[in-house]
Amino acid sequence: MFDFIYIEEAISNHPRVRKICSRFPNATQISCTRYGEIFNPRSQDFRLQKKRPALILASKHGRLVLEAPPEYGIGGEPNYYFSHMLNCVYDCRYCFLQGMYRSANMVIFVNYEDFQVALEEKIFAAAPGQSPYFFSGYDCDSLAMEATTRFVSSFRDFFAAHPRAFFELRTKSVRITDLLTSDALPNCIVAFSMTPPLVAAALEAGTPPVQRRLGAMQQLQEHGWPVGLRFDPLILHENYQEHYAQLFATVFARLNIEHLHSVSLGQFRLPRDHYKTMSQLYPDEKLFAHALEEKKGMVSYQTQRAREMHDFCARELLRYIPPSLFFPCPSSTLEVCN
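Here is a short report on the structure shown in this document. (Residues numbered from 1 in each chain as written. Predicted model: local features only at pLDDT ≥ 70, side-chain atom pairs only at ≥ 80, totals over all residues. Heavy atoms only, no water.)

Notes on the packing of aromatic side chains
Stage number 1. Tallied over the full model, the rule gives 26 aromatic pairs.
Stage number 2. Summarising the aromatic geometry, the rings of F158 and F159 are spaced 5.1 Å apart at their centres and angled 85° between planes, so their arrangement reads as edge-to-face.
Stage number 3. Overall, the relative accessible area of 9% leaves F158 in the buried class.
Stage number 4. Exposure remark for F159: the relative accessible area of 0% places this residue in the buried category.
Stage number 5. Judged by centre distance (5.0 Å) and plane angle (15°), the ring pair of F252 and Y320 falls under stacked. (Phe/Tyr/Trp six-rings, centres within 6.5 Å; stacked < 30°, edge-to-face > 60°. Buried < 20%, exposed > 50% of the residue type's maximum accessible area, 1.4 Å probe, protein only.)

Shown next, in the form of structure tokens:
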């Protein structure tokens, strides 16, 4: 999978580094001082790298756990996110990572124990009665590289020891073996991003088809894992009403509502600079040819179309789920549309 593996000198003998490298015995290993030497230079070809990315093994320093925006959440507080990886093995054309990073190479931060210390500090700092939520999958897919990272198996045990805290794994992956061979945790939500099959086939290169994701969700529910649905981003396209209505009907015909943790909804939106970079990378991409507008530093669909799409999808979802499970993202879906 990887032809080249860059390894920070300070962690070259780390047990997790040795284990990861053993999975790719034919890869050329190259030493570096800090991962930024490889990941951050400006003169990189993201599209070319995406076809055959290198792997970078590093240690994360500084602030390891970050506060989520005030309006971001799925029922608890306070809300935080953290990233054990940078970049994703999938190639979703709408993904903001293409506009945020100069490099398509994959970074794995191997110092999981440091992340867990930082997480524990946030848990202990929470006020009595609060249930802090921690979101992974912001800068990567939480499950797609589990066979290599063993991220889930490490953090599953951590959150089992901290039942007060909730942990979201955001994913499009069906790599759920580790979850199915371990006891389910009521405070670990496996949240799947979903778009209509037509959109997924056109814009989500390398991802499992929607039907396979649904099959994985059913298996997880049967095993006792709380499951979440993330209809984010909503993608404007011809006959979107028909396609989203059919997606919702298909999803809720197969899933058990009683074992559903939450459902969120969010607009397609990009920070202005990310949008400019992505539209330059893919000038012929139809996704960027829709009527878009910039508002409050974010690029999204024009106000009226965005509001229509949000309202339609919200009405359809609420035919299947109670309002208590529904979490439209205000910063992306409401404020951008106002």
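Side note on the packing of helix α5 (residues 112-125) against helix α7 (residues 151-160)
Each pair of packed helices can be summarised by the angle the axes make with each other and by the distance between the axes.
Stage number 1. Look at α5 against α7: their axes get within 11 Å of each other, and the N-to-C directions meet at 30°. When the axis of α5 is compared with that of α7, the two are roughly parallel. Classified by chirality, the crossing of α7 by α5 is right-handed. Between α5 and α7, the contacting residues are Y112, F115, Q116, L119, E120 and I123 on the first element and F151, S154, F155, F158 and F159 on the second. (Axes fitted to C-alpha atoms, helices over the stretch in contact; angles between N-to-C directions. Helix = DSSP H or I, 4+ residues; strand = E, 2+ residues; numbered from the N terminus. Parallel < 35°, antiparallel > 145°, perpendicular 65-115°, else oblique. Left-handed = near helix turned anticlockwise from the far one by under 90°. Contact = heavy atoms within 4.5 Å.)

Let's talk about the nonpolar core
Stage number 1. Grouped together as the largest cluster of nonpolar side chains are 108 residues, with contacts concentrated most on L57 and L229.
Stage number 2. Each residue touching L57, except ones within four places of it in the same chain, is listed here: I5, Y6, I7, E8, I11, V17, I20, C21 and I108.
Stage number 3. Counting six residues, the second largest nonpolar core, distinct from the first, contains F135, F166, I189 and A191. (Core = buried A, V, L, I, M, F, W, Y, C linked by side-chain atoms within 4.5 Å.)

A short note on the sheet that holds strand β18 (residues 326-328)
Stage number 1. Pairing within the open sheet is mixed, and its eight strands lie in the order β4-β5-β9-β10-β11-β13-β14-β18. This sheet does not close on itself; its edge strands, each paired only once, are β4 (66-67) and β18.
Stage number 2. Relative to strand β9 (residues 133-136), strand β5 (residues 79-81) runs parallel, the two being bridged by three bridges. Bridge pairing in β9 places Y80 opposite F134.
Stage number 3. In the packing of α7 onto the sheet, the strands contacted are β9 and β10 (166-171), and the crossing angle to β10 comes to about 160°.
Stage number 4. Along the sheet, helix α13 (residues 303-317) makes contact with β13 (227-234), β14 (260-267) and β18, crossing β14 at roughly 165°. (Pairing = 2+ DSSP bridges.)

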